[in-house]
Structures are given as structure tokens and as C-alpha cells.
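Chain and residue survey
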Amino acid sequence: MDAAAAILIGMGVIIGSVMASYGFQKKHIPKGLAIAHGAFVGIGLIVLVIYALTTPAQHKHWDSIIIFTIAASGGIYLFIRDLKKHYFKRWILVVHASIGFLGLVWITIHLLE
């Protein structure tokens, strides 16, 4: 179940990379990409929370959940700014992407242990 969450989040990261290319060029990000990105990562995060609440395993990935929740708050901010057709600072995009990618690396490391 935690591997399924990592795969879903990984799909979201791939879509997010495409979105970041739009953001760095200060182009309008297609809503379909943004919704797909949010859906993959959101469902992955929900699966991870369900796993953490139901598993007897020692490592429940609460640290990964916290990292992804922090990244999600930045993503929600970016999405709202884009809906309002306001530009956002590139550093916010970089921080959001970096935290999300760190979370993916972090959960992958724990899956490989």
C-alpha cells in the first residue's frame, strides 16, 4: 500500500515537472495538468494516511505525510494564484517542487530499506 502511494505521488511529480516548465516561462499552466497533478498526489497522500492508520508495521511514514502536507500547502497557494491569473514568485515554485521531490525521495528510501 505504501508502494502504491509512492507510485501515485511519483506520477504527480512527473506531471508537476511539466507544470514547472510552464511556471518558469511565466506561462499560464493548463488546468488539466494542475488538476491531474493534484489528484495523483492527493490520492497518494490519502493512501499513505490510510496505510499509516491501519498498518502494524513499525515505520508508518508519518514523516513523509508531514513533508507532503507542507508541499501541498505551497501547491494550493500556487494553484489559487494561477486561478486568479496572478503571477507568483519563482522561488515559491522552486520551494514547492523541492519539498515535494524531497518527500518522494524520502519515502522511496524507506521503501527500499
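Bear in mind that the values here come from a model prediction, so they are computed numbers and not experimental data.

**Thoughts on the overall build of the protein chain**
- A tally of regular secondary structure across the protein chain gives 4 helices and 0 strands.
- If you list the helices and strands of the protein chain from N to C, you get α-α-α-α.
- For the protein chain, the C-alpha radius of gyration of 14 Å lies close to 13 Å, the compact-globule estimate for 113 residues.
- Taking the principal axes of the C-alpha coordinates as reference, the protein chain spans close to 45 × 20 × 20 Å.
- Residue burial in the protein chain is summarised as follows: out of 113 residues, 35% are buried.
- Within the protein chain, residue pairs in contact and separated by at least 24 positions form 66% of the contacts whose partners lie at least 6 positions apart.
- Split by element, the accessible area of the protein chain, about 6,800 Å² in all, is 75% carbon and sulfur.
- If the 9 positive side-chain charges of the protein chain are averaged to one point and the 4 negative ones to another, these points end up 23 Å apart.

**So, the packing of helix H1 (residues 2-24) against helix H4 (residues 90-112)**
- Interhelical geometry of H1 versus H4 gives an angle of 160° and a closest axis separation of 10 Å. In terms of their interaxial angle, H1 and H4 are classed as roughly antiparallel. H1 and H4 meet at a crossing whose hand is left-handed. Judged by residue contacts, Asp-2, Ala-3, Ala-6, Ile-9, Gly-10, Val-13, Ala-20, Gly-23 and Phe-24 of H1 engage Arg-90, Leu-93, Val-94, Phe-101, Leu-104, Ile-107 and Leu-111 from H4.

**Brief notes about unusual backbone geometry**
- Positive phi is not limited to glycine here, since Lys-26 has a value of about 55°.
- Within the secondary structure, Lys-26 is located in the loop between H1 and helix H2 (31-54).
- Positive phi, normally seen in glycine, also occurs at Lys-85, with a value near 60°.

**Concerning H2**
- Here H2 contains 24 residues, and its C-alpha end-to-end distance of 34 Å stays within 8% of the 34 Å for a straight helix at 1.5 Å per residue.
- Listed in full, the buried residues belonging to H2 are Ala-34, His-37, Gly-44, Leu-45, Val-47, Leu-48, Tyr-51 and Ala-52.

**Considering the confidence of the model for the protein chain**
- Averaged over all residues, the pLDDT of the protein chain equals 91, while 100% of them reach at least 70.
- Predicted confidence in the protein chain is weakest over helix H3 (residues 62-83), with a mean pLDDT of 91, and strongest over H2, with 94.

**Description of the side chain of Asp-2**
- Locating Asp-2 in the fold gives a position in helix H1.
- Residue classification places Asp-2 among the buried positions, given a relative accessible area of 15%.
- Not counting residues up to four positions away in its chain, the partners in contact with Asp-2 are Leu-48, Tyr-51, His-61, Ile-107 and Leu-111.

**Thoughts on the pattern of salt bridges**
- Per the counting criterion, the structure on display carries 1 salt bridge.
- Asp-82 serves as the salt-bridge partner of Lys-31, at 2.8 Å between the closest nitrogen and oxygen. Remark: Asp-82 occurs in helix H3 and Lys-31 occurs in helix H2; sequence separation between them is 51 residues.
- A residue is classified by how much of its surface remains accessible, and Lys-31, at 28% relative accessible area, is partly exposed.

About the cut-offs
- Per chain, residue numbering runs from 1 following the sequence as it is written.
- Residue-level local features of this predicted model are given only where pLDDT is at least 70; pairs of side-chain atoms are given and counted only at 80 or more, and the full residue set underlies all totals for whole chains, interfaces and linings.
- The basis for every side-chain value is the complete set of heavy atoms in the structure, and neither hydrogens nor water enter the calculation.
- Going along the chain from the N terminus, every DSSP run of H or I of four or more residues is numbered as a helix, and every run of E of two or more is numbered as a strand.
- Each radius of gyration is computed over the set of C-alpha atoms, and the globule rule expresses the reference value as 2.2 Å times the number of residues to the power 0.38.
- Accessibility here uses a 1.4 Å probe with only protein chains present; expressed as a share of the type maximum, an area under 20% marks a residue as buried, one over 50% as exposed, and anything in between as partly exposed.
- Whether two residues touch is decided by their heavy atoms; if any such pair falls within 4.5 Å, the residues are in contact.
- A 1.4 Å probe and the Shrake-Rupley method give the accessible areas. Residues count as covered only by the protein chains that appear here.
- When charges are counted, Lys and Arg contribute as positive and Asp and Glu as negative, whereas His and the chain ends are disregarded.
- Working definition for charges: the position is that of NZ of Lys, CZ of Arg, CG of Asp or CD of Glu.
- Between the N-to-C directions of two axes lies an angle of 0 to 180 degrees, each axis being a line fitted to C-alpha atoms and, for a helix, fitted only over the stretch in contact.
- Angle categories are assigned with fixed cut-offs, so that under 35 degrees is roughly parallel, over 145 is roughly antiparallel, 65 to 115 is roughly perpendicular, and the rest are oblique.
- Put simply, a crossing is left-handed when the front helix is turned counterclockwise from the back one by less than a right angle, and right-handed when it is turned clockwise.
- A helix is expected to reach a length of 1.5 Å times the quantity of its residues less one.
- Summary of the metric used: pLDDT quantifies the predictor's per-residue confidence within the range 0 to 100.
- In the sections that follow, a salt bridge refers to a side-chain nitrogen of Lys or Arg positioned within 4 Å of a carboxyl oxygen of Asp or Glu.

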